[in-house]
Amino acid sequence: MAVIWMLFNMLTACMAINMEATGSHSMFTCEPITLRMCQGLSYNTTFMPNLLNHYDQQSAALAMEPFHPMVNLECSTEIRPFLCALYAPVCTEYGRVTLPCRRLCQRAKSDCYKLMDMFGVSWPDEMECSRFPECDESYPRTIDLLPSSDGTEESPSSVQRDYGFWCPRELKIDPELGYSFMGVRDCSPPCPNMYFRKDELIFSRYFIGVVSIVCLSATLFTFLTFLIDVGRFRYPERPIIFYAVCYMMVSLVFFLGFLLEDRVSCNTASTGRFRASTVTQGSHNKACTLLFMTLYFFTMAGSVWWVILTITWFLAAVPKWGSEAIEKKALLFHAVAWGVPGTLTITLMAMNKIEGDSMSGVCFVGLYDLMALRWFLLVPLALDVVVGVVLLLAGIAALNRVRMEIPLEKENQDKLVKFMIRIGVFSVLYLVPLLTVIGCYLYEQSYRSVWENTWVQERCREYHIPCPMKVEQTSRPDIALFLIKYLMMLVVGIPSVFWVGSKKTCFEWASFFTGHRRKDSAVNESRQVLQEPDFTQLLLRDPNTPVVRKSRGTSTQGTSTHASSTHLAMLDEPPSASTSRASSVRSKASSYHGSLHRSRDERYTACSYRGAEDRLPHGSTLLLNDLLQHCSVNRLDSHSRHGSLQRLESQSRHSSVRDLSITAQAIQSGPGNGIHPVMEEDGTKA
């Protein structure tokens, strides 16, 4: 469609005198000739626009000024009638266009060619003699003044023609800038906004400014919470942070637009050149281009990061990928999330589709160009919604299947349900604003032509341009529609606060402001246990079954049944609850193994459990198992040196290793997981 429109414009430029080339509705009436050069001819009425696309006699008079020396010096008797036939044609009956004869053009050109060359005036291409009919009569011809054979009821004083939109002189732009408005090149919309009153624009600007400040504060809080404890937000929830960063930049751009008002989005008026203030287009304005790049790039990146968030949830819920396995794909996620918006942004800049928004003070796309609105806003956003919703529903269905089919303890069941609720609420808080924005865009692109025709009908007299001949529907946009659109564009970033808002966040900020920043070991231990692929088997195993260690959930083959789902369900707990629970288990296990590992002389061995715990870093489960095995061998050697019985050596070799391994699991696990009965049974045997 764009190629056809460009070819149409080129054809119109080459055939400027072909009045049937335009195709819209305009109404013209015959008007008295006011051009000084064309007064005193055989006719005294004309119509505008003329054959050379001048929309009023004032603009036609300015275009005729280079030919004044030829007319004043009377280089030819045919030059004045010929020029007036083009710049002020005779007004005849409806639908009739009168053209001067070719011989008249040839005589005027040959007689005045040398004088024109002396004054440096060239013969315009649109006045080339080959374009006129082959005849040799003075203008206007007699046949042109006679009524047509088929007749018409239209009076010669009321001439109607179809011409479409004509760009007013006040809205004309230099051709090298590449502006366009309502399909007319070198034209730009008026600024401030052509649809709303001044008081409405002032209210909307302050409204957008206040909402941008709220969204900026919310997303900035999310990002700072992430910086306080980076390790807290791992995959699959890490994309929420990048999503918040994107909408933080979007709200920042809108806030800058509020401060700049229309100094960037609008071109200044030039009274000396009869130019009014117009909307900025293209990339010639560096500040407008920078605002557009930032706003469009991060708007698209935010929607892509939401899709990636649903992908990570899907990978964790359906194929049971662990956090480490998902994190291995982080480079691919970043390449897509930043690469796709970057490509779209560069494409729009190359196509010169940047447009200023006088309501918000920023620069965006699709404000006046329907093609850019459809293909660079509606299509990407709708595609993101469809893909994200499909993946989201698949992930929630998988989590619900885990909850229904695999019996978990009530505590983990509640955590899984709460996590599913959080996913649902977060997704609704994101999708509702985004779907509202898409709905506003659809409504806007459906009624844009009606709004433009209404504006032309209301302002055609003021701008001295053709008024629409027949307008079937008139409508003005409601400012509430645009306010809702801007509100939802900004509110869509606020749901990130809902995700990070918890007691854990409050404790982290309190520790940050008081200066007592301490790692919450109990919460970290819980996270590591929940990331174990065999966490479910550990909860449900028989007390007499030995513990078989597996690697953490880094395999992408889904070795566990639902461990990743259990990891998803892990919610942040206050430090007091987690610390007290872990301390209770640690004290019991320490006292039990302290009594178990005494030597005959009532002294603790060097490899007592408490010493091993103090020497090892937090969470080193595999190293702890190796150390326990090594310590057990040393204890057995010590017992044999003191002459212990074979029964004690056998019991220590099998019981100590297994019990200490279970104790290491008890330190990382919470109460009620089936481990204490095993410890009590083994203690009785010992």
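Predicted model, so just to flag it, every value in this text is computed and none were measured.

Trainee: Explain the overall build of the protein to me, please; I cannot follow it from the model alone.
Mentor: Each helix and strand in the protein was counted, giving 24 helices and 10 strands. Residue burial in the protein is summarised as follows: out of 686 residues, 50% are buried. When contacts within the protein are restricted to residue pairs at least 6 apart in sequence, long-range pairs at least 24 apart make up 77% of them. Of the roughly 32500 Å² that the protein leaves accessible, carbon and sulfur atoms contribute 60%.

Trainee: In this structure, what is going on with the environment of alanine 398? I would like to understand it.
Mentor: With respect to the helices and strands, the residue alanine 398 is situated in helix H12 (residues 370-405). Remark: the alpha-carbon pair of alanine 398 and lysine 320, spanning 78 residues in sequence, is separated by 9.7 Å. Ignoring sequence-local partners within four residues, the contact set of alanine 398 consists of Ala317 and Val318.

Trainee: Would you explain unusual backbone geometry in this entry?
Mentor: In terms of backbone geometry, most residues other than glycine have negative phi values and most peptide bonds are trans. Omega for the bond connecting cysteine 191 with proline 192 falls within 30 degrees of zero, at 5°, which places this linkage in the cis form. In this structure, proline 192 sits in the loop between strand E6 (184-185) and helix H7 (198-228). Proline 236 follows tyrosine 235 through a cis peptide bond whose omega is 15°. Within the fold, proline 236 resides in the loop between H7 and helix H8 (239-260). Even without glycine at this site, aspartate 186 takes up a positive phi of about 60°. Note on placement: aspartate 186 falls in the loop between E6 and H7. Its identity as a non-glycine residue notwithstanding, glutamate 261 has a phi of 55°, on the positive side. Checked against the element boundaries, glutamate 261 lands in the loop between H8 and strand E7 (266-267). You can call glutamate 261 partly exposed: its relative accessible area is 37%.

Trainee: Where do I start with the state of the cysteines in this structure?
Mentor: Cysteine pairs can be covalently joined through their sulfur atoms, and such a bond is termed a disulfide. Evaluated as defined, the whole model comprises seven disulfides. With its sulfur 1.7 Å from that of its partner, cysteine 75 forms a disulfide with cysteine 112. The sign of the 90° torsion about the S-S bond sets the cysteine 75-cysteine 112 disulfide as right-handed. One end of the pair, cysteine 75, is in the loop between helix H3 (68-72) and helix H4 (79-87); the other, cysteine 112, is in helix H5 (residues 102-118), and 37 residues separate them in sequence. Per residue, the accessibility class of cysteine 75 equals that of cysteine 112, and both read buried.

Trainee: Whenever I open this one, the environment of aspartate 414 confuses me. Can you help?
Mentor: Mapped onto the secondary structure, aspartate 414 falls in helix H13 (residues 410-463). Between the C-alpha atom of aspartate 414 and that of arginine 403, which follows or precedes it by 11 residues, the distance is 9.6 Å.

Trainee: Which parts of the structure should I look at to understand the UniProt feature "transmembrane region" (unreviewed entry) in the protein?
Mentor: UniProt's feature table lists "transmembrane region" (unreviewed entry) at residues 206-228, 240-260, 295-318, 330-351, 375-399, 419-444 and 479-500, given in the numbering used throughout. The distance from the first to the last C-alpha atom of residues 330-351 is 32 Å, and the span holds 95% helix and 0% strand. In residues 375-399, the share of helix is 100% and the share of strand is 0%. The end C-alpha atoms are 36 Å apart.

Trainee: Which parts of the structure should I look at to understand the packing of aromatic side chains?
Mentor: In this description, an aromatic ring pair is defined by two values, namely the gap between the centres and the angle between the planes. Summed over all chains, the structure comprises 38 aromatic pairs. Between tyrosine 195 and tryptophan 451, the aromatic rings sit 6.0 Å apart at their centres with planes inclined by 65°, giving edge-to-face as the arrangement. Here tryptophan 451 lies in helix H13 and tyrosine 195 lies in the loop between E6 and H7, a separation of 256 residues in the sequence. Relative accessible area serves as the criterion here: at 7%, tyrosine 195 is assigned to the buried category. Summarising the aromatic geometry, the rings of tryptophan 451 and phenylalanine 482 are spaced 6.1 Å apart at their centres and angled 45° between planes, so their arrangement reads as tilted. Here the residue tryptophan 451 occupies a position in helix H13, and phenylalanine 482 occupies one in helix H14 (residues 479-491), the gap between them amounting to 31 residues. Residue classification places phenylalanine 482 among the buried positions, given a relative accessible area of 7%. Through successive ring pairs, a cluster of aromatic residues spans Tyr243, Tyr247, Trp306, Trp313, Phe426, Tyr430 and Trp499. For arginine 422, the ring lying beneath its charged end belongs to tryptophan 499, and the centroid distance is 4.2 Å. The ring centre of tyrosine 486 lies 5.1 Å from the NZ or CZ of lysine 485, which sits over that ring.

Trainee: Looking at this structure, I do not really get the nonpolar core. What am I missing?
Mentor: Among soluble globular proteins, nonpolar side chains are generally buried collectively. With 102 residues, the main nonpolar core has Phe254, Tyr296, Trp313, Phe364 and Tyr441 as its most contacted residues. Of the residues forming this core, the biggest block, 19 residues, is contributed by helix H9 (residues 286-317). Excluding residues that lie within four positions of it along the chain, tyrosine 441 makes contacts with Phe364, Leu373, Leu377, Leu378, Leu381, Lys485 and Met489. In terms of nonpolar packing, the next biggest core, distinct from the first, is built from 36 residues, Met37, Cys75, Leu115 and Cys129 among them.

Trainee: Just to check I follow, could you spell out helix H2 (residues 57-64) for this structure?
Mentor: Owing to its 3.6 residues per turn, the α-helix aligns residues three or four sequence positions apart on the same side. Buried residues of H2: Gln57, Ser59, Ala60 and Met64, and no others. Taken down its axis, H2 places every buried residue within 160° of arc, on the same side.

Trainee: Can you walk me through the pattern of salt bridges in this structure?
Mentor: Side-chain pairing between opposite charges can occur once the charged atoms of the two side chains come close. Inspection of the entire model under this criterion finds 16 salt bridges. Between aspartate 199 and arginine 197 there is a salt bridge, and its shortest N-O distance comes to 3.3 Å. Glutamate 200 is the salt-bridge partner of arginine 197, the closest N and O atoms lying 3.3 Å from each other. Each of Glu78, Arg107 and Asp136 takes part in one network of salt bridges that share partners.

Trainee: Just to check I follow, could you spell out a nonpolar patch on the surface for this structure?
Mentor: A cluster of nonpolar side chains, Val417, Ile421, Val425, Leu429 and Phe498, forms an exposed patch at the surface whose accessible area comes to about 360 Å². A total of four residues in the nonpolar patch trace back to one element, the largest contributor, which is H13. Within the secondary structure, phenylalanine 498 sits in helix H15 (residues 495-500).

Trainee: Would you mind going over the environment of glutamate 128 with me for this structure?
Mentor: As for its placement among the helices and strands, glutamate 128 is situated in the loop between H5 and helix H6 (142-145). Its relative accessible area of 30% is what places glutamate 128 among the partly exposed residues. Between the C-alpha atom of glutamate 128 and that of arginine 102, which follows or precedes it by 26 residues, the distance is 9.2 Å. Among residues more than four places away in sequence, those in contact with glutamate 128 are Cys105, Lys109 and Trp123.

What counts as what
Residues numbered from 1 in each chain as written. Predicted model: local features only at pLDDT ≥ 70, side-chain atom pairs only at ≥ 80, totals over all residues. Heavy atoms only, no water. Helix = DSSP H or I, 4+ residues; strand = E, 2+ residues; numbered from the N terminus. Buried < 20%, exposed > 50% of the residue type's maximum accessible area, 1.4 Å probe, protein only. Contact = heavy atoms within 4.5 Å. Areas by Shrake-Rupley, 256 points an atom, 1.4 Å probe, with all protein chains shown as cover. Disulfide = S-S within 2.5 Å. UniProt positions renumbered as here; feature names shortened; annotations may be inferred. Phe/Tyr/Trp six-rings, centres within 6.5 Å; stacked < 30°, edge-to-face > 60°. Lys NZ or Arg CZ within 6 Å of the ring centre and 35° of its normal. Core = buried A, V, L, I, M, F, W, Y, C linked by side-chain atoms within 4.5 Å. Arc of directions from axis to C-beta. Salt bridge = Lys/Arg side-chain N within 4 Å of Asp/Glu carboxyl O. Patch = residues over 30% accessible without salt bridge, like charges linked within 9 Å, V, L, I, M, F, W, Y side chains within 5 Å.

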